[in-house]
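An overview of the molecular structure
Next come the chains, spelled out residue by residue.
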Amino acid sequence: MAAPTKSGGLRLGWRVLIALLLLTALEVPIAFRVPRPLPYLLLINLIDAWLILQYFMHLSQLWRPEE
Amino acid sequence: MDAVTALHAPARRLRTRRAGLWLFFISEGFLFLALISSRYYLLGLFRPAELNQGLGVGITGVLLLSSLTAYRAEISIAWGDLPRCARNLLATILLGALFLVGVGLEWAEAFAYFPPGDRFGTIFFTLTGMHGLHVLSGVVLLVGVYLHGRRGRYDAKDYWPVEGAVKYWHYVDVVWVFIYPTLYLVTP
C-alpha cells in the first residue's frame, strides 16, 4: 500500500477524491468558456486517470510485488 | 522447489493474478478506445445543446465517490478490518446502483432528443450502454464479494477477491473519466 498505516491510507483516499472532484469541477468551466477546450480537457483527464491508477489501483505493485 | 510448486506459491500466485487482471484491463481499454475514437470520427467535436449537464457531472461525482469507498474497503481489509471493509463495499454497491439510476434518467431524456438512429444518439447509447454494462457487472462482483466478506472469508493475508473486484471498479471509473468529457464537454 502507498501509506504505511491504515489511517494514513484512509486519509490518502480522501485527498485523492478531493483532487479528482476539483479537477472534474474545473472541466465544466473550461468546456464552456475556453475556446477549443479539447487539449485542456485531455490533460485533466490524463491527470485524473493517473491519480486513480497510481493511488487507488496501486499500479506500482506490478513492479514492486512485495507490497 | 520445483517449477510447478513455485508457480503456486502464494506470493507468486498473487503476482500472476494481478498481472492477469492488468492484461484484462489493457484489452478492455482497446475496446473503449475504439468506441471513444468513433465519436470523434463520426461527429467531430459536435456537442448537442440538449445534453443534461447537471446530470452528467452529478453521476461523475457519484462514481468518483464510489471509488473512494472501494479504496477504503481494500485498505480496511489489508489491515484486517473486515467490518469496515464490508461497510465500504456496501456503500460502493449503493453508489454504483445510484450511478446506474442516473444513467437510466440520462437515457430517458436522451431518447427524446437524440434517439439511437441519430448519429449522436448511436454514439451516446453505445458508450453509456457499454460502460453501464461494466458498472452493472462490477456491482454484481462487489455483491458477491460483500456476501463472502460477511461470512468472514477474508482476512489481512488473503483478500484477493476484494482487491480484484475493487481494482475492476476503479478501472470502470478510469474509463468514465474519459467518456464523460467525450460525450458532455468537448466542443469546437
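Everything below is about the structure printed above this text.
Everything in this summary refers to the structure shown in the same document. Here the structure is a predicted model, which means the values were calculated and not measured. (Residues numbered from 1 in each chain as written. Chains lettered and ligands numbered in written order. Predicted model: local features only at pLDDT ≥ 70, side-chain atom pairs only at ≥ 80, totals over all residues.)

1. Quick word on the overall build of chain B
Note the following rule: Going along the chain from the N terminus, every DSSP run of H or I of four or more residues is numbered as a helix, and every run of E of two or more is numbered as a strand. The burial criterion counts other C-beta atoms lying within 10 Å of a residue's C-beta, which is placed from the backbone; the residue is buried at 20 or more, exposed at 12 or fewer, and partly exposed between these limits. Placing a C-beta atom from the backbone of each residue, one calls two residues in contact when those atoms lie within 7 Å.
When its secondary structure is counted, chain B shows six helices and zero strands. Walking chain B from its N terminus toward its C terminus, one meets helices and strands in the order α-α-α-α-α-α. By its C-alpha atoms, chain B is 60 × 35 × 25 Å across when sized along the principal axes. Taking all 188 residues of chain B together, the buried fraction comes to 37%. Of the contacts formed within chain B by residues at least 6 apart in sequence, a portion of 80% connects residues at least 24 apart.

2. Thoughts on the environment of Phe24(B)
All names here are of chain B. Position of phenylalanine 24 among the secondary structure elements: in helix α2 (residues 10-43). Given 14 C-beta atoms within a 10 Å radius, phenylalanine 24 is considered partly exposed. For the pair formed by phenylalanine 24 and phenylalanine 111, sequence separation is 87 residues and the distance between their alpha carbons is 33 Å.

3. Digging into the interface of chain A and chain B
Short version of the rule: Residues are grouped as follows: Ala, Val, Leu, Ile, Met, Phe, Trp, Tyr, Cys and Pro are nonpolar; Asp, Glu, Lys and Arg are charged; all remaining types, including Gly, are polar.
Taken together, the contact between chain A and chain B spans 26 residues of the former and 29 residues of the latter. Only α1 (6-33) and α2 (38-56) of chain A provide two or more residues apiece to the side of chain A that touches chain B. In terms of residue count, α1(A) provides more of the side of chain A that touches chain B than any other element does, 12 residues in total. Within the side of chain A that touches chain B, the residues separate by chemical class into 18 nonpolar, five polar and three charged.

4. Quick word on the packing of α2(B) against helix α6 (residues 160-185) of chain B
Residues and elements named next belong to chain B. Our working definition: Axis definition: a line fitted to C-alpha atoms, limited for helices to the stretch in contact. Angles are taken between N-to-C directions and run from 0 to 180 degrees. Here the word oblique covers every angle except those under 35 degrees (roughly parallel), over 145 (roughly antiparallel) and from 65 to 115 (roughly perpendicular). By definition, turning the near helix anticlockwise from the far helix through less than a right angle yields a left-handed crossing, and turning it clockwise yields a right-handed one.
Direction vectors running N to C along α2 and α6 enclose 20 degrees, while the axes themselves pass 11 Å from each other. In terms of their interaxial angle, α2 and α6 are classed as roughly parallel. For the pair α2 and α6, the sense of crossing is right-handed. Residues Leu14, Arg17, Leu21, Phe25, Phe32, Ile36 and Arg39 of α2 form the contact with α6, whose participating residues are Trp160, Gly164, Lys167, Tyr171, Val175, Phe178, Ile179 and Thr182. Partitioned by chemical class, the residues of the contact of α2 with α6 number 10 nonpolar, two polar and three charged.

5. Details of the environment of Gly121(B)
Residues and elements named next belong to chain B. Within the secondary structure, glycine 121 sits in helix α5 (residues 119-150). Taking the number of C-beta atoms within 10 Å as the measure of exposure, glycine 121 has 16 and is therefore partly exposed. Sequence separation of glycine 121 and tryptophan 107 is 14 residues, and the distance between their C-alpha atoms is 9.8 Å. When near neighbours in sequence (up to four residues on either side) are disregarded, glycine 121 contacts Ala110, Phe114, Pro115 and Pro116.

6. Description of the nonpolar core
Rule in force here: The nonpolar core is taken to be a set of buried Ala, Val, Leu, Ile, Met, Phe, Trp, Tyr and Cys residues joined by way of C-beta atoms within 7 Å.
Counting residues in hydrophobic clusters, the biggest one holds 55 residues, and the most contacted among them are Leu89(B), Leu142(B), Val162(B) and Val175(B). Mapped onto this core, the elements with two or more residues apiece are α1 and α2 of chain A together with α3 (53-78), α4 (82-113), α5 and α6 of chain B. For this core, the leading source of residues is α6(B), giving 17 residues. With residues up to four places along the chain from it excluded, the contact list for Val175(B) reads Phe32(B) and His131(B).

7. Details of unusual backbone geometry
One non-glycine residue with positive phi stands out, namely Arg36(A), at about 50 degrees. Locating Arg36(A) in the fold gives a position in the loop between α1 and α2.

Limitation: the analysis is restricted to geometry and does not speak to function.
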